[in-house]
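# Tertiary structure, described
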Amino acid sequence: MPFFLIGTQRSGSNLLRIMLNQSPEIVAPHPPHILERLWPLLADYGDLQDPNAFSRLVEDVCLLVETNPVSWKLGTIDRAALEQTCSERSLVAVYFAVHNLLARNNMSKDWMCKSLANVHFADEIDRFGGEAAKFIHLHRDGRDAALSFRKAIVGEKSSYHIAKQWHLEQEKALELGAMLSADRFISVSYSDLITRPDAELRRLCDFMGIEFYPDMLEFHKSREAASTSVAGQMWSNVQKPVMSQNTNKFMREMSPRDIAVFEAVAGETLKKMGYPLMSDFEEENQRLKAQAQENANPDDLQKRKAQALVMQEIKERLANSNTKRHVA
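Residues numbered from 1 in each chain as written. Predicted model: local features only at pLDDT ≥ 70, side-chain atom pairs only at ≥ 80, totals over all residues. Heavy atoms only, no water.

### Some thoughts on the packing of helix α4 (residues 51-66) against helix α6 (residues 91-105)
Look at α4 against α6: their axes get within 10 Å of each other, and the N-to-C directions meet at 40°. Considering their axes alone, α4 and α6 lie oblique with respect to each other. In this structure, the crossing between α4 and α6 has a hand that is right-handed. Of the residues in α6, those touching α4 at Phe54, Leu57, Val58, Val61 and Val65 are Leu91, Val94 and Val98. (Axes fitted to C-alpha atoms, helices over the stretch in contact; angles between N-to-C directions. Helix = DSSP H or I, 4+ residues; strand = E, 2+ residues; numbered from the N terminus. Parallel < 35°, antiparallel > 145°, perpendicular 65-115°, else oblique. Left-handed = near helix turned anticlockwise from the far one by under 90°. Contact = heavy atoms within 4.5 Å.)

### Points about the pairing of strand β4 (residues 134-139)
The buried fraction of β4 is high, at six of six residues. Side chains of β4 alternate between two faces, with Lys134, Ile136 and Leu138 and Phe135, His137 and His139 buried alike. Two strands pair when backbone bridges link them, and strand β1 (residues 2-7) and β4 are joined in this way by five bridges, in the parallel orientation. Paired with Phe4 across the bridge in β4 is Phe135. Of the pairings in the sheet, the one linking β4 to strand β5 (residues 185-189) comprises five bridges and is parallel in character. Its bridge partner being in β5, Leu138 is matched across the sheet by Val188. (Buried < 20%, exposed > 50% of the residue type's maximum accessible area, 1.4 Å probe, protein only. Pairing = 2+ DSSP bridges.)

Written as structure tokens, this is what we have:
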């Protein structure tokens, strides 16, 4: 059965996929981001029921796989054979088919796609994959993810734009988790993965129905870690052992202004997911309102007093009227 990592990039997805890739039961390749890259272009292919249009799509999926920075080691994919394995003429069918091909080639029973942007295509994945499709929500404190994005070659760079993306993708993942049964959805915290990797990997393996292998903790010595590390500087850490202190870096390296901007945009989602805020905007707002009252002209306050009393009486009258109506 297929597994799909969802969430936001720069959250430890390469670390987790290389850990899981040490299992002979599952293959977890570096992703060419098939759905993310080709879904917006689908209209340009025309009607996929047209054999020529569908063949062009299959060709492009294969090209994405074959040019991926971290090789899938499939050589040149037989386009016609891959097309024959598709149960319908759709992008998601080709996406599943090429991953199934990789699993067969590696003699693995399952595969996992670590393209976290699949959170935006969960409905289509669920439609095609059905009950067999399972989701792993990997999440990291958004402020640490923002700091990581700043240093990466990909992604947004301002705290505002990263916060918007993180907020949207986390809320989509949380919404999906609320809809699916416990055997189809699991949440994994990056901080738990690096501070207690043995326990967290065992919990995840139980969910996936695979055996825990000690080699998962020695991921940094693997061939996959080596090939991923040399493919790009932003993946260089996968050749190091688990970095258990790699949390709350934003407290040391992010400016107070950038933290405040991120929390203003995504604060409610941070709190919902158990990440405490550094700025309490509600408390600050109440303090400023009280300060404005203290500094106000006494004559202005007196002029507003009569109308304020009228509003208080109106609210009390309406509240009493509603109470009596409910009792009756």
